[in-house]
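Okay, here's what each chain looks like letter by letter:
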Amino acid sequence: NAGVTQTPKFQVLKTGQSMTLQCAQDMNHNSMYWYRQDPGMGLRLIYYSASEGTTDKGEVPNGYNVSRLNKREFSLRLESAAPSQTSVYFCASSETGEVHEQYFGPGTRLTVT
Amino acid sequence: GNSVTQMEGPVTLSEEAFLTINCTYTATGYPSLFWYVQYPGEGLQLLLKATKADDKGSNKGFEATYRKETTSFHLEKGSVQVSDSAVYFCALPTASGGSYIPTFGRGTSLIVHP
């Protein structure tokens, strides 16, 4: 049982380049999330998907797009990377409902130069 | 909206010391409360949770009691180990458009010295 997987683990981009971060879960969860984690800022929600076919903005969506490809997969795209997007990105999934915990992937460490 | 306040870190302790990490919350009603732990280089993982007032969550020697009177969910451990060195996050769900989005505290770093 792999849980939540993310690719790649590390990435270096130049300003203006684009890339897609991939996330997949094998727990049959309805909800999936993308966060970024920066020193001293905790976790900030970028986008989430409450169910297949729906996506909603979180706290810091500017500069990002997402696609809920199917129930398993939720990708995050940076169309034109900026140095301010240097961060560690985490994907998470959960069952629907307020008593359910989130399961996190191992993260993608992204550096934009 | 819902919010979580955690004590600032880092918290630095010697092995076998007693640990308390404070967490207080503001919420509508009585939501579930969670503690997550993040070991270096990894994603967050659930440490423990409590789903109603006066519940006590426990795991790996850690405990936290859901206290609605003081709107708190403080994390405690009687004797910490070097392997407990990590960042700890308090969280609660916030209703959003028919689903629930976790609201996380800023995290408290714990450093345990041998």
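See above for the structure.
> Please provide a residue-by-residue account of the interface of chain A and chain B, values included.
The interface of chain A with chain B comprises 20 residues on the first partner and 21 residues on the second. A combined buried area of about 1,700 Å² lies between chain A and chain B, and 58% of that area is made up of carbon and sulfur atoms. Taken together, chain A and chain B are joined by one salt bridge. Remark: the boundary between chain A and chain B carries four residue pairs in polar contact (both at pLDDT 80 or more). Every element with two or more residues in the side of chain A that touches chain B is listed here: β4 (31-38) and β5 (42-49) of chain A.

> Describe the pairing of strand β3 (residues 19-25) of chain A, with residues and values.
Residue and element names in this part refer to chain A. A large share of β3 lies buried, amounting to five of its seven residues. Where β3 lies against strand β8 (residues 74-78), three bridges are found, and the strand directions are antiparallel. Following the sheet pairing, L21 is matched in β8 by L76.

> For the environment of T113 of chain A, give the residues involved together with the corresponding values.
Residues and elements named next belong to chain A. Along the chain, T113 turns up in the segment after β11 (108-112). With 61 residues separating them in the primary sequence, T113 and E52 have C-alpha atoms 34 Å apart. Look past the residues within four positions of T113 in its chain and what remains in contact with it is V12, L13, K14 and T15.

> Account for the sheet that holds β3 of chain A, naming residues and giving values.
Residue and element names in this part refer to chain A. Strands sit in the order β1-β3-β8-β7 across an open sheet of four strands; the sheet is antiparallel. Of all strands in the sheet, those with a lone pairing partner are β1 (4-7) and β7 (64-68), marking the two edges. With direction set aside, neighbouring strand axes in the sheet form an average angle of 15°. In the sheet, β1 pairs with β3 via four bridges, with the strands oriented antiparallel. Counted as the bridge partner of Q6 is C23 from β3.

> Break down the environment of C23 of chain A for me, with residues and values.
All names here are of chain A. Residue position: C23 is located in strand β3. By relative accessible area, C23 is classed as buried at 3%. A C-alpha to C-alpha distance of 5.7 Å links C23 and S75, two positions 52 residues apart in sequence.

> Any details on unusual backbone geometry? Residues and values, ideally.
Residue P8 of chain A is reached from T7 of chain A by a cis peptide bond, and omega for that bond is -5°. Along the chain, P8 of chain A turns up in the loop between β1 and β2 (10-13). A cis amide bond links G9 of chain B with the next residue in sequence, P10 of chain B, at an omega value of -5°. The phi torsion at E16 of chain B lies on the positive side, around 80°, for a residue other than glycine. Mapping E16 of chain B onto the fold places it in the loop between β2 (11-14) and β3 (19-21). Under the relative-accessibility criterion, E16 of chain B is labelled exposed at 61%. Phi angles above zero are rare outside glycine, and K60 of chain B is one such case at about 55°. Among the secondary structure elements, K60 of chain B is positioned in the loop between β7 (56-59) and β8 (62-65).

Conventions and cut-offs
- Residues numbered from 1 in each chain as written.
- Chains lettered and ligands numbered in written order.
- Predicted model: local features only at pLDDT ≥ 70, side-chain atom pairs only at ≥ 80, totals over all residues.
- Heavy atoms only, no water.
- Contact = heavy atoms within 4.5 Å.
- Buried area = accessible area lost by both parts, 1.4 Å probe.
- Salt bridge = Lys/Arg side-chain N within 4 Å of Asp/Glu carboxyl O.
- Polar contact = N/O pair within 3.5 Å; in protein donor to acceptor, adjacent residues only side chain to side chain.
- Helix = DSSP H or I, 4+ residues; strand = E, 2+ residues; numbered from the N terminus.
- Buried < 20%, exposed > 50% of the residue type's maximum accessible area, 1.4 Å probe, protein only.
- Pairing = 2+ DSSP bridges.
- Axes fitted to C-alpha atoms, helices over the stretch in contact; angles between N-to-C directions.

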